[in-house]
Amino acid sequence: MERTRSERDRFVMRIDRRMRWNHRCARLGRLLGATGGLQAAVYDATFRSDAEAVSYFYALTNDHLPDLDHPTWLNEKIRWQFLHHRNPLMSLAADKIAVRDYLAHKQARIEAPAMIATGAAPDDLLAVDLPARFVLKTAHGSGQIRIVDGTAPVKRPELMRQLGAWAEFDQWRHTGELHYRDVPHRWLVEEYVPAIREKLEFKVFCFHGEPAFISVITDRDGDAYSRVNFDTDWRRVHFGSRGRAHDPRPVPRPADLDRVLALARLLSEDFLHVRVDFLKFDGRLVFSELTFASLAARIPLEPVEMNAELGAKIDLGRAADALANGRRVAAGLGWPRMAEAAQRAA
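Conventions and cut-offs
Residues numbered from 1 in each chain as written. Predicted model: local features only at pLDDT ≥ 70, side-chain atom pairs only at ≥ 80, totals over all residues. Heavy atoms only, no water. Buried < 20%, exposed > 50% of the residue type's maximum accessible area, 1.4 Å probe, protein only. Helix = DSSP H or I, 4+ residues; strand = E, 2+ residues; numbered from the N terminus. Pairing = 2+ DSSP bridges. Expected span 1.5 Å × (residues − 1). Arc of directions from axis to C-beta. Contact = heavy atoms within 4.5 Å. Patch = residues over 30% accessible without salt bridge, like charges linked within 9 Å, V, L, I, M, F, W, Y side chains within 5 Å. Areas by Shrake-Rupley, 256 points an atom, 1.4 Å probe, with all protein chains shown as cover. Salt bridge = Lys/Arg side-chain N within 4 Å of Asp/Glu carboxyl O. Lys, Arg positive; Asp, Glu negative; His and termini not counted. Charge placed at Lys NZ, Arg CZ, Asp CG, Glu CD. Axes fitted to C-alpha atoms, helices over the stretch in contact; angles between N-to-C directions. Polar contact = N/O pair within 3.5 Å; in protein donor to acceptor, adjacent residues only side chain to side chain. Phe/Tyr/Trp six-rings, centres within 6.5 Å; stacked < 30°, edge-to-face > 60°. Lys NZ or Arg CZ within 6 Å of the ring centre and 35° of its normal. Core = buried A, V, L, I, M, F, W, Y, C linked by side-chain atoms within 4.5 Å. Parallel < 35°, antiparallel > 145°, perpendicular 65-115°, else oblique. Left-handed = near helix turned anticlockwise from the far one by under 90°. Nonpolar A, V, L, I, M, F, W, Y, C, P; charged D, E, K, R; others polar.

(A) Seen up close, the pairing of strand β2 (residues 134-138). Counting buried positions over the 5 residues of β2 gives 5, a clear majority of the element. Of the two faces of β2, both are covered, the one formed by Phe134, Leu136 and Thr138 as well as the one formed by Val135 and Lys137. Examined bridge by bridge, β2 and strand β3 (residues 145-148) share 4 bridges and lie antiparallel to one another. Bridging from a neighbouring strand, Lys137 pairs with Ile145 of β3.

Shown next, in the form of structure tokens:
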């Protein structure tokens, strides 16, 4: 596809027209008794191919269409994987429940927050003995999280309604991140990790098993946060995602930086590219998640030349070997059979 604004604008307008029409039709269908989720109905009627969907969600936040035939930018190469690198290990590792099996497989010497319960249907929460403080999240999405810190009472029916809404949401239909398509709809309850003196998130961007830079999140409050990027020697680097605020305050080099980098190498070595995320709360370092598309691989980097510079770190010529390895590891961990069983339970 052309990297021009005019071609991008025509493409987006064409999809937008289809989407508006299909949304009206789907809503009318619900009034006439049709069943099924609205998001699924609109998406399935709008997009005529996976390539169209992958391109559309990228084009919404860029001034050009992605080149998925000869990708050069980082986000183009990530989105190329959605179409041409259907690695089951990516789906397994994106599943916030199944990724714990991957941690065990890699013998990673780090813990994830303790898991209190899992379930498929919202009603499954009725049987859970919930502590005063906990975190409720989905295994199949991004940003679907409810933090209960014990400062205010939360009624269980409210949580079940939230789970019901999340159960109808497909991350892959929302952003075109197709590796989520095979992740079953489940939820989990994790321990609440307190942060009074220190609240940091380390997001280590890795290419072929080697960390390239670390994005540090400071002062997160819901969707609001500040960010600063460092290289692996803890020198501030002056690039980042467009429109994201940079924290000008100094962030001391963590005493356990070498451990963070070693863990990131271990947990990224099976993938072309992945972001390995950790939480550092009051001195306690825990694993958070593996992210294959930071900001859904939609937001470009600034300055603009960094898009191709970081894109060059992904060698798509190694995709076939990574795919074969991913299939082998995923099969050894029971995927996709485990995912199919969980999907039936949901």
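(B) Local environment of helix α9 (residues 257-268). Across its 12 residues, α9 extends 16 Å between first and last C-alpha, which sits within 8% of the 16 Å expected from 1.5 Å per residue. Those residues of α9 that fall on the buried side of the exposure criterion are Leu257, Val260, Leu261, Leu263, Ala264, Leu267 and Ser268. What you see down the axis of α9 is that its buried residues fit within an arc of 165 degrees, all on one side. In the core, the buried residues of α9 are packed alongside α6 (99-105), β5 (199-207), β6 (210-221), β9 (273-281) and β10 (284-291).

(C) Structural view of the environment of Tyr180. Relative to the elements of secondary structure, Tyr180 occurs in the loop between α8 (171-175) and β4 (187-191). For the pair formed by Tyr180 and Arg227, sequence separation is 47 residues and the distance between their alpha carbons is 26 Å. Tyr180 has contacts with Ala94, Lys96, His140, Gly141, Ser142, Gln171 and Trp172, leaving out every residue within four places of it along the chain.

(D) Quick look at a nonpolar patch on the surface. Together, Leu28, Leu31 and Leu32 make up an exposed nonpolar region whose accessible area comes to about 380 Å². Among the residues examined, Leu31 registers a relative accessible area of 73% and is labelled exposed.

(E) Examining helix α1 (residues 5-31) more closely. Over its 27 residues, α1 extends 39 Å from the first C-alpha to the last, a length consistent with the 39 Å expected when each residue adds 1.5 Å. All buried positions along α1 are accounted for by Arg8, Phe11, Val12, Ile15, Arg18, Asn22, Ala26 and Gly29. Positive backbone phi, approximately 105 degrees, marks Gly33, located one or two places after α1.

(F) Expanded view of a positive patch on the surface. A grouping of Arg14, Arg17, Arg20, Arg24 and Arg48 is seen on the molecular surface, where their side chains present a positively charged patch. Along the polypeptide, Arg24 turns up in helix α1.

(G) How the structure looks around the sheet that holds β9. Reading across from one edge, β7-β6-β5-β9-β10 is the order of the 5 strands in this open sheet, with antiparallel pairing throughout. If you trace the sheet from one side to the other, it starts and ends with β7 (224-231) and β10, each paired once. Across the sheet, the axes of successive neighbouring strands diverge by a mean angle of 25 degrees, strand direction being ignored. For β5 and β6, the ladder comprises 8 bridges, and the chain directions are antiparallel. Paired with Val204 across the bridge in β6 is Ile214. Strands in contact with α9 are β5, β6, β9 and β10; relative to β9, the strand with the most contacts, it is inclined by about 145 degrees.

(H) Here's a closer look at the side chain of Asp231. Its location among the elements puts Asp231 in strand β7. A polar contact is formed between the side chain of Asp231 and the backbone nitrogen of Asp233, at a distance of 2.9 Å. For Asp231, the contacting residues outside a window of four places in its chain are Ala212, Phe213, Ile214 and Val237.

(I) The arrangement of the sheet that holds β4 in detail. The strand order β1-β4-β2-β3 describes an open sheet built from 4 strands, whose pairing is antiparallel. Each edge of the open sheet is held by one strand with a lone partner, namely β1 (115-119) and β3. Neighbour to neighbour, the strand axes of the sheet diverge by 15 degrees on average, direction disregarded. Docked against the sheet, helix α7 (residues 156-167) engages β2, β3 and β4, running at close to 25 degrees with respect to β2.

(J) Seen up close, the packing of aromatic side chains. All told, the structure shown has 11 aromatic pairs when counted by the stated rule. Ring centres 5.5 Å apart and planes at 55 degrees place the aromatic pair Phe47 and Tyr56 in the tilted group. The pair formed by Phe47 and Tyr56 is uniform in burial state, with each residue classed as buried. Put simply, the rings of Tyr43, Phe47, Tyr56, Phe57 and Trp172 pair up and form one aromatic cluster. Cation over ring: Arg181 sits above Trp172, and NZ or CZ is 4.9 Å from the ring centre.

(K) Summary view of the nonpolar core. Tyr102, Phe202, Val216, Phe271, Phe278 and Leu290 are the most contacted members of the largest nonpolar core, which has 77 residues in total. Each residue touching Phe271, except ones within four places of it in the same chain, is listed here: Leu89, Met90, Ala93, Tyr102, His208, Gly209, Leu290 and Phe292. Judged by nonpolar contacts, the second largest core, of 13 residues, contains Val128, Val148, Leu159 and Trp187.

(L) Quick look at the packing of helix α3 (residues 50-59) against helix α4 (residues 74-84). It is at 10 Å that the axes of α3 and α4 come closest, and there the two elements cross at 155 degrees. As summarised for this structure, α3 and α4 are arranged roughly antiparallel, according to the angle between their axes. Pair α3 / α4 crosses with right-handed handedness. In contact with Asp50, Ala51, Val54, Phe57 and Tyr58 of α3, α4 contributes Asn75, Glu76, Arg79, Phe82 and Leu83. Class assignment for the residues of the contact of α3 with α4 results in 6 nonpolar, 1 polar and 3 charged.

Purely geometric numbers; function is a separate question.
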